[in-house]
Every structure is written in structure tokens, then in C-alpha cells.
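A closer look at the structure
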Amino acid sequence: MRFASLTKRHALWLGFLAVLAPLALLLILQYRWLVKLDETSALAQKVHLDNYLATVAKDVRWTYEQAERALDLPSSLFTEEGQIEHVAHYFHKKAPQGVRRLFAVGFVGEKANYLHFFDPAAGCWTEPVWGDEERDIYFAAAPWSARAKKHVEIETPSLVVEEADSRHRILLYPITDEAEHVVGLTGMVLDEGFFLSQVLPAAFTRALPKFSEDEYVVTVRDRRGELVFSNASGKTVRAVREEVKRPFSLVFTDWTMGLASRHATAAEVAHRNFAVNVGLSALLAGVLLGGVLLALRTASRAVKLSTMKSDFVSNVSHELRTPLASIRVFGELLRLGRVESLDRAREYGEYIETESRRLTQLINNILDFSSIESGRKSYHFERADLAEVVAETLKTFEVRLRQSGFVIRFERPAAPLPPVSLDAGAIAQSLSNLLDNAVKYSNGGKEIAVKVERQGGWVVVAVVDQGVGIPRDEQRKIFDRFHRVSTGLIHDVKGSGLGLGIVRHIVEAHQGRVTVESKPGEGSTFSVWLPIDAAAAAAAASSGTLPEGATQNA
Ligand code: ADP
């Protein structure tokens, strides 16, 4: 039977592991997948932001590439004498916005290498006042003059940017003749203010949705890292960290654009998603595990109960068979007249009486258990003296105890007890069960003490034995139906596992408590506490009048 229950339990655990193992594997896989997703989504977010900056850079480049149209002038203006003056006409017509100054220089003829400066605001040539800017223009043009002298061929002229000094950003365009020789140079100095106030905002607005709605913080920093442009206040800019950076191409190449999410960085968003996902998975796993554990617990209880029931049936059969066998033997001896003396006949009669009492008690227990389980158990309370009820019960045990060599020490209360409301039959049955156990689990200790006394608002009857005792962790469980301590000597003692459950039910029906104090190997004391005044019972119980160290089963 025990083996069968062990196998059942093993099967349960195996089932549990069968659920747990794939669950754990699933969780590990999901965790790894989430970690990967976290990394990829952070990266994807970065790429996403970088794309915005790439678009802005492209837009800015395109804006300045338009300058080529204004600077690409007919070569005849530079080769024919006196024509260079007419460049002003073209500059006036084609000059783009955001240009601080235009200039032209021819490398052939009388006015070779003479720099002409054009003011787009005034729309005419101006006499230069030589300063830093004019000098930068001069140095930017000088190599082209050298190339012209050496008749260097330029196959496809294109814009050249000169921004060694970031204060004067110069765009140059070489003018070539049919022979692809450089004959002149046109150029312009860009207006940084216009770039910051017009070109950049327009480019960002085109590239970045919600640019103006403050979702992103845009920054542009110069080569020293100083902020030159942003759509946010200085405080906000200081509070965020650029998630992506990218330089401009063609012009303003020493400046770097930066982009940051105003509320959370890409990595933070990814981490938050990761945490939420991991949390959800853990919660789900927890719920699943909880469910499985609950199912396992229920199944394990069912297995335990079924084992206990099987044990119960086998134990009860044994309990019934043993007294019946004795009764039959002694009855036969009497019937056949094989009795030597009247004393012997009386002795056999006593055996028969004791065994029938045991049978009655067992059957009473079974019947009581059945009525308790079905909720049909009823009690008839009357005011009675507990000491008397105990004395009466002990009388019925006398013969059996004497036969088995037990000595009962009955300690009556010092003063008469106040009568308590009780069902005498039920209390007698509880006491019988306790005495029966004291005998069954005596382990050679032949003295049993039964004490009746008053303690505060309670009358207490205690059954003290010197038997096997009960381990601490079992002391609560023994009051459960069918529960039997499965360790130590108790293996050999048969029983139904119902006795203490019935005691508890009866005592609780009296508003009382049953407690146990026990040490393995030294003996046990079972005490039944009945309230003198049922109404005061609850108060007395909560005021902790029960003895310390006693296991209160309720
Ligand atoms: P049983 O028919 O098995 O005696 P009970 O409900 O009366 O059923 O007792 C439950 C279990 O409590 C017993 O199997 C035994 O292990 C333990 N027990 C009860 N009384 C004593 C005692 N006086 N000494 C030691 N163990 C006891």
C-alpha cells in the first residue's frame, strides 16, 4: 500500500517536472530572445534617428549645391577684355539667398588676378577694404591663378569649399574655356546667420516629423563642441544626451548635428520595453507555476487521503477481527464448559465484556465519524460535574487496564468543580479515545495519570502517559482524520486514525480546546479544556490561559 502511494507521489513529481522543465526552457529562451530584441530595438531606434540626420545633411548639401548655378558663368566674360564687369549683372540676377558676398577673378588679359567683390544686398561691385575675409578669399583664389598659369586642364568643374577659417566659409567655382583651361574663378562667402536661422530649421522641419512639437532635441555644435543651434532651451539640452551624431557634408563640415529623444533615450525605451516584457513573462510563469503547484498540492492531498483511507480500511478490519476472535474463543470455552473454576468463568466473561467494549468504541468512532462528516452529529448538553463523568468513564476501563497491567492514577480536583454544560456520553467517548491511545502507545510505560482540575475559566481533564511520545511537527497533524504518525514504534500499533479527530470535534462542540504536550520517548499529555461559562469561553481563550508549549489543535 505504502509502495503504491510512493509510486503515485513519484508520478506526481514526475508530472510536475514534466511541466516545469519545458516551462523553464521556454523562459530561458524567451529571456534570451528579449535580450536580443532589446539590443536590436535600441539599435533600430538609433538607426532610425540617424536617418533623420542623414536626411538633414543631404538637404543642406543640396541647398548649397544650388550655388553652382549662380557661379557657373560663361567663360567669355573672363577671356574677353572688359567683360568681367558684366559678371555683376549675372550675380545680381542669380545670386542665391544667404550669401554675404560674391566675387570673381579672371586669370587672362589686362585685369588678370584682380579680385572683384560684389555686394548682393547693394546689388553692385564694391571696393574691398582689405581685412581677414578678403585675405581668405585671396588665398583661396591663389592656387587657381597658379593652375591657370600652368594651363592645368579641368575636365568637369565643380564647387570647391574653402572653410579653413570657419568665420569665412567660401564656395569657389572655376570657370574653364573650351580647352578646359581655367580662365577665371567665381565664388561666394556664405552667411552663417542665414544658415542657422533659415537653412537649418527648414531642413530639420522637412526631415524630422514633430521637429517643432518638441519630441526631439536637435543640436548643432561647432568644432569646439559649443552649441550653435538647437530647437530646445539650454537647460533641456544639458539634460539630454545626444543619441546620434553626424557631421554636415560639403559645407559646415566642422559642425556636428546631434539628436536626442526628449523623454527617453532609445536605449531607455528599449530597456523599459525589455523590463515590461520580462516582468510579464515572469508574472505569467509565476501564475502558471502557482497553478501547477496548486494542482500538485491538491493531487498530492488526494493521493495522501486515498492512502490514508486504504490504511484505515485495513486497520479497521484488523481492529474488528482481533476482539471478535477473542470473544469467539472465550465464548466457545464457556459454551463447551471447559472452565475449571468460577473465577476463571468470571475472568473469561470480563475478557468478553472488555473486547465488546473495544468493539463498541471502535464502531461508535466509525459511526461518529460518519455523522460528523455528513454534519449530522448532534449533542445533548446538560449541566454536570466533569470529575464525575471522568470517574464513570475510568470505571469502564478498569478491567481492561488491570488485565494489561496498567495503573491509573486519578487525581481529583482539590475543591469541587463548578458544573459545566456538557454531553456526558460524548465527553466519555473523548476520554475513552485518549485513554485508549495512552494504552496503545504506552511502549512499556504502565502508569497513566488522569487529572481533573480547574484553571481560570476552564475545567481541564488531562491524560498523562509515559509512552512513545509524538514528534513536534506531528503534534498538529494527529488531530486530522486518518492521520497516523508513521515513524517510530507506532508502525506496529493498529488504529483507525479517527480517535483524535473525533475528540477535537466533540471538544470544539463544547466551545473547548484539546491540546497536546509531548516529547518523543518521554510521553504525552492530552488535555481537554471545557469552559465553565460557555459565553466567557471565547474571551478566556483569547486571553491565552492555555498552557505554554501545548499544541492547540484548533
Ligand atoms: P489511532 O486509531 O491511530 O490511534 P488517533 O486519531 O487516536 O488514531 O491518533 C492519531 C495518531 O496520533 C496515532 O496514530 C498516533 O500516531 C498518535 N497518538 C495519539 N495518541 C498518542 C499517544 N498517547 N502517544 C503517542 N502517540 C499518540
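Throughout, a residue's number is its position along its own chain's written sequence, starting from 1. For a predicted model such as this one, the threshold for reporting local features is a pLDDT of at least 70, and the threshold for listing and counting side-chain atom pairs is 80 or more; totals across whole chains, interfaces and linings nevertheless cover every residue. Processing note: side-chain calculations cover all non-hydrogen atoms of the structure and skip hydrogens and water entirely.

Overview of the packing of helix α11 (residues 424-440) against helix α12 (residues 499-509)
The condition is simple: Axis lines are fitted through C-alpha atoms, for helices just across the contact stretch, and the angle between N-to-C directions can take any value from 0 to 180 degrees. A run of H or I in DSSP becomes a helix once it reaches four residues, and a run of E becomes a strand once it reaches two; helices and strands are each numbered from the N terminus. Each crossing gets its handedness from the near helix: less than a right angle anticlockwise from the far helix is left-handed, clockwise is right-handed. Throughout, a contact is declared for two residues whenever any of their heavy atoms are within 4.5 Å. Basically, the charged four are Asp, Glu, Lys and Arg, the nonpolar ten are Ala, Val, Leu, Ile, Met, Phe, Trp, Tyr, Cys and Pro, and anything else, Gly included, counts as polar.
At a closest axis distance of 9 Å, the pairing of α11 and α12 adopts a crossing angle of 150 degrees. The handedness of the crossing between α11 and α12 comes out as left-handed. Of the residues in α12, those in contact with Ala426, Ile427, Gln429, Ser430, Asn433, Leu434 and Asn437 of α11 are Gly499, Leu500, Ile502, Val503 and Ile506. Classifying every residue of the contact of α11 with α12 gives seven nonpolar, five polar and no charged.

Details of the site of the ligand
Rules: One heavy atom within 4 Å of a molecule or strand makes the whole residue count as near it. Nitrogen and oxygen atoms within 3.5 Å of one another constitute a polar contact, given that in protein one can donate a hydrogen and the other can accept it, and given that sequence-neighbouring residues count only through two side-chain atoms.
With respect to spatial proximity, 20 residues lie near the ligand, and among them Asn437, Tyr441, Asp465, Arg484 and Ser496 are the closest. Between the ligand and Gly497, the relevant distance is 3.0 Å, taken from an oxygen atom to a main-chain nitrogen or oxygen of the residue. When residues of the shell around the ligand are traced back to their parent elements, those giving at least two are α11, α12 and β17 (523-531). Counted by class, the shell around the ligand contains nine nonpolar, eight polar and three charged residues.

Here's the deal with the side chain of Thr186
Spelled out, the test is: For every residue, the accessible area (1.4 Å probe, protein chains only) is compared with the maximum for its type, and the residue is labelled buried under 20%, exposed over 50%, or partly exposed between those bounds.
Within the secondary structure layout, Thr186 lies in strand β6 (residues 182-190). Relative accessible area serves as the criterion here: at 0%, Thr186 is assigned to the buried category. Of note is the side chain of Thr186, whose polar atom sits 2.7 Å from the backbone oxygen of Leu71. Setting aside its immediate chain neighbours within four residues, Thr186 contacts Leu71, Leu73, Phe78, Phe91, Phe103, Ala104, Leu171, Leu172, Tyr173 and Ile175.

Quick word on the pattern of salt bridges
Condition: By salt bridge we mean one thing: a side-chain nitrogen of Lys or Arg within 4 Å of a carboxyl oxygen of Asp or Glu.
Enumeration according to the criterion identifies 24 salt bridges in this entry. Note that Glu65 and Arg61 form a salt bridge whose closest N and O atoms lie 2.8 Å from each other. Taken as a pair, Glu65 and Arg61 lie in helix α1 (residues 2-65) at a separation of four residues, close to a single helical turn. In this structure Glu65 comes out as partly exposed when scored by relative accessible area, which is 32%. Where Glu133 meets Arg101, a salt bridge forms, and the shortest distance between an N and an O atom there is 3.7 Å.

Digging into the sheet that holds strand β9 (residues 244-247)
Applicable threshold: Two strands qualify as a pair provided DSSP detects at least 2 bridges between them.
With respect to topology, four strands assemble into an open sheet ordered β8-β7-β10-β9, the strand pairing being antiparallel. This sheet does not close on itself; its edge strands, each paired only once, are β8 (227-230) and β9. Direction aside, the axes of adjacent strands within the sheet are offset by 25 degrees on average. Where β9 meets strand β10 (residues 256-261), four bridges bridge the pair, whose relative direction is antiparallel. When the bridges of β10 are listed, Lys245 appears paired with Gly258.

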